[in-house]
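Summary of the model geometry
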Amino acid sequence: MSFLAPLYLLLGAAAAVPLLLHLLRRNIAARVEFPAARYLLRAEQEHSRSLRLRNLLLMLLRVVLVLAIALAAARPFVRGVGVGGHGTTAVAIVLDNSLSTTAMTGGAPLFDALREATRTLLRAATAGDRLWLVTADGRVRGGSRDALLAQLDGISPLQGAGDLPLAVRRAGAAVETAPVPTRVIAVATDGQRTAWRGAARIGGLASVFVPAGDPPRNRAVIAAAAEPARWTPRGAVTARVDAPDSVGYRVVLDDRTLARGTASRGDPVSLRVAPPERGWRAGRVEIEPDDFAADDARHFAVWIGAPPAVTADPSAGAFVGTALSTLVADGRVTAGGGVRVGAADVIGDLPALILPPADPVRLGAANRALERLGIPWRFAALDRSPAVARGDRLDGVPIAERYRLDAVGDRVGDTLATAGGEPWIVGGPAYVLVASRLDPAATALPLRAAFVPWLADVLALRLGAPAGDLGAPIDAVPGQRIRLPAGADALEAPSGERRAVQSETANAPDARGVWFVLRAGRRIGAVVVNAPPEESQLARWSADALGNRLAARGARAAGTANAWVRETFAPSTRRPALTPLLLLALLLLAAESAAVRASRTTAA
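Residues numbered from 1 in each chain as written. Predicted model: local features only at pLDDT ≥ 70, side-chain atom pairs only at ≥ 80, totals over all residues. Heavy atoms only, no water.

Considering the overall build of the chain
Our working rule: For helices the rule is a DSSP run of H or I covering at least 4 residues; for strands it is a run of E covering at least 2, with both sets numbered from the N terminus onward. Type-normalised accessible area, obtained with a 1.4 Å probe on protein chains alone, sets the label of each residue: buried when under 20%, exposed when over 50%, and partly exposed for intermediate values. Throughout, a residue-residue contact means that at least one pair of heavy atoms, one from each residue, lies within 4.5 Å.
Looking only at helices and strands, one finds 11 helices and 37 strands in the chain. Here the chain, with 604 residues, has 46% of them falling under the buried criterion. Taking contacts inside the chain between residues at least 6 apart in sequence as the whole, the part at least 24 apart equals 68%.

A word on the packing of helix α3 (residues 110-124) against helix α10 (residues 561-569)
Spelled out, the test is: Lines fitted to C-alpha atoms define the axes, with helix axes restricted to the stretch in contact, and inter-axis angles between N-to-C directions lie between 0 and 180 degrees. For classification purposes, angles smaller than 35 degrees are called roughly parallel, those larger than 145 roughly antiparallel, those between 65 and 115 roughly perpendicular, and all remaining angles oblique. Take the far helix as your reference; a near helix turned counterclockwise from it by less than a right angle gives a left-handed crossing, and one turned clockwise gives a right-handed crossing. Throughout this entry, Asp, Glu, Lys and Arg are counted as charged residues, while Ala, Val, Leu, Ile, Met, Phe, Trp, Tyr, Cys and Pro are counted as nonpolar. The remaining residues, Gly among them, count as polar.
Where α3 meets α10, the closest approach of the two axes is 9 Å, and the angle between their N-to-C directions is 40°. If you check the angle between α3 and α10, you find them oblique. Classified by chirality, the crossing of α10 by α3 is right-handed. Contacts from Ala-117, Thr-118, Thr-120, Leu-121 and Ala-124 in α3 reach Ala-561, Asn-562, Trp-564, Val-565, Thr-568 and Phe-569 in α10. Class assignment for the residues of the contact of α3 with α10 results in 7 nonpolar, 4 polar and no charged.

Considerations on the sheet that holds strand β29 (residues 474-476)
Defined as follows: Two strands qualify as a pair provided DSSP detects at least 2 bridges between them.
In space, the 5 strands of this open sheet follow the order β29-β35-β34-β31-β32, with mixed pairing throughout. Of all strands in the sheet, those with a lone pairing partner are β29 and β32 (498-500), marking the two edges. Shown here is a sheet whose adjacent strand axes are inclined to one another by a mean of 30°, direction ignored. Sheet topology note: the strand β31 (residues 490-492)/β32 ladder contains 3 bridges and is antiparallel. Residue Glu-492 lies in a different strand from β32, and its bridge partner there is Arg-498.

Describing the nonpolar core
As a reminder, the rule being used: Nine residue types can take part in a nonpolar core, namely buried Ala, Val, Leu, Ile, Met, Phe, Trp, Tyr and Cys, and a core is a set of them joined through side-chain atoms within 4.5 Å.
Ile-354, Phe-379, Trp-424, Ile-425, Leu-433, Trp-454 and Leu-459 are the most contacted members of the largest nonpolar core, which has 49 residues in total. Core analysis: the second largest hydrophobic core is formed by 29 residues, Trp-132, Ala-136, Ala-206 and Ala-551 among them.

Section: the packing of α3 against helix α4 (residues 145-152)
The description of two helices packed together rests on the angle between their axes and the distance between the axes. At a minimum axis distance of 10 Å, the contact between α3 and α4 shows a crossing angle of 170°. The angle between α3 and α4 falls in the class roughly antiparallel. Classified by chirality, the crossing of α4 by α3 is left-handed. Along its contact with α3, which presents Arg-115, Thr-118, Arg-119, Leu-122 and Arg-123, the element α4 presents Arg-145, Leu-148, Leu-149 and Leu-152. Of the residues contributing to the contact of α3 with α4, the split by class is 4 nonpolar, 1 polar and 4 charged.

Remarks on the sheet that holds strand β17 (residues 297-304)
Overall, mixed pairing links the 5 strands, which are arranged β11-β17-β16-β13-β14 in an open sheet. A strand with exactly one partner marks an edge of an open sheet, and here the two such strands are β11 (230-231) and β14 (256-263). The sheet contact formed by strand β13 (residues 247-253) and strand β16 (residues 279-287) spans 5 bridges and is antiparallel. What sits directly across from Tyr-249, in β16, is Ile-287.

Looking at the environment of Pro-429
Looking at where Pro-429 falls in the secondary structure, it is placed in the loop between β27 (422-428) and β28 (431-434). With 77 residues separating them along the chain, Pro-429 and Ala-352 place their C-alpha atoms 10.0 Å apart.

Some points on helix α6 (residues 318-329)
Our working definition: Helix span, expected: 1.5 Å multiplied by one less than the number of residues in the helix. To obtain the arc, one takes the directions from the helix axis to the C-beta atoms.
The terminal C-alpha atoms of α6, which comprises 12 residues, lie 17 Å apart, in line with the 16 Å expected from a rise of 1.5 Å per residue. Every buried residue belonging to α6 is among Val-320, Ala-323, Leu-324 and Leu-327, and all of these are buried. Across the axial projection of α6, the buried residues extend over an arc of 100°, all falling on one side. Relative to its buried face, α6 has exposed residues pointing more than 90 degrees away, namely Ala-318, Thr-322 and Ala-329.

Notes on helix α8 (residues 451-463)
Most of α8 is tucked away, with 11 of its 13 residues classed as buried. If you check which residues of α8 are buried, you get Phe-451, Trp-454, Leu-455, Ala-456, Asp-457, Val-458, Leu-459, Ala-460, Leu-461, Arg-462 and Leu-463.

Quick look at the pattern of salt bridges
The following threshold applies: When a carboxyl oxygen of Asp or Glu lies within 4 Å of a side-chain nitrogen of Lys or Arg, that pair is called a salt bridge.
Across all of its chains, the model carries 20 salt bridges by this definition. Arg-119 is the salt-bridge partner of Glu-116, the closest N and O atoms lying 2.7 Å from each other. You can see Glu-116 and its partner Arg-119 sitting in helix α3, 3 residues apart, about one turn around the helix. The partner of Arg-362 in a salt bridge is Asp-345, and the shortest N-O contact between them spans 3.1 Å. You can see Arg-362 sitting in the loop between β21 (352-355) and α7 (363-372) and its partner Asp-345 sitting in the loop between β20 (339-343) and β21, a full 17 residues away along the chain. When salt bridges with common partners are traced through the structure, they connect Asp-383, Arg-402, Arg-404 and Glu-422 into a single cluster.

Pasting the structure below:
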């Protein structure tokens, strides 16, 4: 039994009034013996038993009458017995359409079974029910049964994981607004453990449908990347494959196969190549298909071109000179011309990697040079308080001294790394500015293993690329918020279709693959969209286990669609008991009146 107004149950305390009156009434009269009344003693003894029973019945009638009125005021609902259908119910259906539901089960995607179960539940709803349909991306659809059935046909699996705990919270918020006594959150899901790791707790009623059976055995490409992000023109493709046994793989650049091989579980895939292609290119690592096709390929992007030519001034320091010699020997840069590396007071033109002067006296000349080059930053006071770098793959690098950087104007470019929460390495068109000398006396960066790779990326990606081709490819999952290169006006889909962009911040496309960033029709970058790696982990919770995680008191769990529908509407087979209680109160009142009249007649 449930109540719409449970506070009115407090009126039941008034049932104590008739009981107290009955008990007090027994002691109202004083017993007086006198001879003339003794002949009545025998008659009183004969009728005392019937009088006690009548008074007791009258007391019970009054107590039950008060209780019936209190229950009626609380507006109770009780489970119907032998009655078909169900009472008015508010149901928010959470339909799991995350990428993992595209796994094949019995020759069809599991999502088909979840959608069909949802369709069955909607068809079982009545015209009086309040209904919502919430998908894994958190989108809430409300409306009549027929309207939601029409929308259901247009729902397809997402290309990413979605956010099922968010969907549950929004479903809970939806049913709480319904002015009906029974509110249920009905969840249809594949029960993927990684998706429900942070499951939201449901305070009210819930039903959970997880199709019976085990997930398919899965093989997945869980990582693929071009290293470095710019090939000059040589580079490497690295990947990792997760498979229960050996599996064949293929490395593809555009539509050309670079290599084939076999990978065992946990073995890294690494391929060094020097392809003839130039400019921004799309690649992928793929394996033999299985019952979950979404992770059988993983995409990457790379810029291929000639190595940047670099000239280092002695003011850059001995450690920069040594690192450049290593990069020249490896073929990743060439000596002479092109990009310049040195202190700000000796750099005459761009592109350049710019450092502070070794002598603080030269700081004024350095700032004048920055102004002449159009760089919107100036060196300020020297700060010798210890700090730690953050960003640009330099997290944790100690910094002993640095110049504070003051921004000039509105457009100050990108902050690539910070120290003490302030800009330490900044960049913009054709320049990268470092606020510390690249010397162990100022920072430990030259002594770290990350120094040479960091220097190579700065020279190749930010300074050595053609104008506008700045930065590494942007890795994203479908729908993730990303920041595009400055001036981007369109994205080029893998199919060649172009999609206009209105600002530097946008949501990553939903379709997986490599989307090239365009400016005036020219490729200036790439957005690489892949499925989240955790979607490849298909291990599931059972319906009972997931129900215990979701609901504080446990949820009604089901392994079939029909059982799920029954469990969803089981709480709403309760019927309003207001009318029967009012009729009972009238009957009790009539019985009480008849009992009072009978008592008075007898007394007379």
